[in-house]
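Take a look at the letters that make up each chain.
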Amino acid sequence: MNAGEVPGYAGVVVEAPLTKVFHYRLPERMAGSIRPGDRVDVQFARRRVHGVVVSLASLPPIDPSLIKEILAVSPEEERIPADILELTRWVSSYYRCGWGTVLAAAVPAGVKQGRKKRQVSRIELTATPEETETRAERLQRRAPRQASALFALARWFRKRPDTPLPVDSPDIRDVAPGEILRQLAKKGRIRLIIPANGDPLPAMPKDGGMGEDGRPPVLTSEQEAALAEIGP
């Protein structure tokens, strides 16, 4: 990619025992802001999974009609540093295990816990934003708080139609507290999506692409020295 060009495509390694890099298109709202090491959500094998951006390009590496968009990007503070990115790539190549599996193991526990909290449940509308506003207008007299919540949700999804809305999002938290959301869900105005196992990571083999006992591979003395230099 030449200097000054805005990347439009990203190479992504999904958090699974695979060595291949998959390519995704950057939505316009993300252009210029995504960097290698960013953790993203993508559609993979008909499901939403987590991955890490490992490269950027201004031109599509394959037929553009075959490339799907990145669905969401994690906060900048969750970005994996370049040295860790390179170390995990080397470990994956040396031990012939999935780069995504090694990257998933490299994510700090605190980041994983934060991710689970944000994704325990999310909100979906059961109608279009326009239809939701019509429903809100009908509720204004008999249930003003529910109406206010629906108006806020309709505005949110009109601006970000393809972005998941966490229940605890600060954008709607004050106007749509949990009690109101449960009432709206009971009436079928919205859906509250809760992962069955509370774990957003895709299912993996028992060994996770590592050792037979499920433990990470044993590093050589040179690798231990490299890790010591990088630090915790």
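Refer to the structure above for everything that follows.
Residues numbered from 1 in each chain as written. Predicted model: local features only at pLDDT ≥ 70, side-chain atom pairs only at ≥ 80, totals over all residues. Heavy atoms only, no water.

Enquirer: Tell me about the sheet that holds strand S6 (residues 72-73), and please be specific about residues and values.
Expert: With mixed pairing, 6 strands are arranged side by side in an open sheet as S5-S2-S1-S4-S3-S6. Where the open sheet ends on each side, the last strands, each with one partner, are strand S5 (68-69) and S6. Pairing geometry for strand S3 (residues 39-44) and S6, over 2 bridges, is antiparallel. Looking at S6, one finds that Asp-41 is bridged to Ala-72. Along the sheet, helix H2 (residues 99-106) makes contact with strand S1 (9-14) and strand S4 (47-57), crossing S1 at roughly 80°. (Pairing = 2+ DSSP bridges. Helix = DSSP H or I, 4+ residues; strand = E, 2+ residues; numbered from the N terminus. Contact = heavy atoms within 4.5 Å. Axes fitted to C-alpha atoms, helices over the stretch in contact; angles between N-to-C directions.)

Enquirer: Residues and numbers for the sheet that holds strand S7 (residues 122-125), please.
Expert: Spatially, the 3 strands line up as an open sheet ordered S8-S7-S9, and their pairing is antiparallel. Two strands close off the open sheet at either side, each with one partner strand: strand S8 (165-166) and strand S9 (190-193).

Enquirer: Report on the side chain of His-50, specifying residues and quantitative values.
Expert: With respect to the helices and strands, the residue His-50 is situated in strand S4. Among the polar contacts made by the side chain of His-50, one reaches the side chain of Asp-41 at a distance of 2.7 Å. (Polar contact = N/O pair within 3.5 Å; in protein donor to acceptor, adjacent residues only side chain to side chain.)

Enquirer: Outline the pairing of strand S2 (residues 22-25), supporting the account with residue identities and numerical values.
Expert: Of the two faces of S2, the one lined by Phe-22 and Tyr-24 is fully buried and the one lined by His-23 and Arg-25 carries no buried residue. Summarising the sheet, S1 and S2 pair through 4 bridges and their orientation is antiparallel. Counterpart to Tyr-9 in the pairing with S2 is Arg-25. Bridge count for S2 against S5 is 2 bridges, and the pairing is parallel. Within S5, the residue paired with Tyr-24 across the bridge is Lys-68. (Buried < 20%, exposed > 50% of the residue type's maximum accessible area, 1.4 Å probe, protein only.)

Enquirer: Which residues make up the nonpolar core, and what values do they have?
Expert: Ile-123, Leu-153, Leu-165, Ile-172 and Ile-190 are the most contacted members of the largest nonpolar core, which has 20 residues in total. Broken down by secondary-structure element, the contributors of at least two residues to this core are S7, helix H4 (129-139), helix H5 (144-159) and helix H6 (178-186). Ranked by residues supplied to this core, first place goes to H5 with 8 residues. Beyond its immediate stretch of four places on either side in the chain, Ile-123 contacts Leu-153, Phe-157, Leu-165, Pro-166, Val-167, Ile-172, Leu-181, Ile-190, Arg-191 and Leu-192. Formed by 15 residues, the second largest nonpolar core is a distinct cluster that contains Ala-16, Val-42, Phe-44 and Val-53. (Core = buried A, V, L, I, M, F, W, Y, C linked by side-chain atoms within 4.5 Å.)

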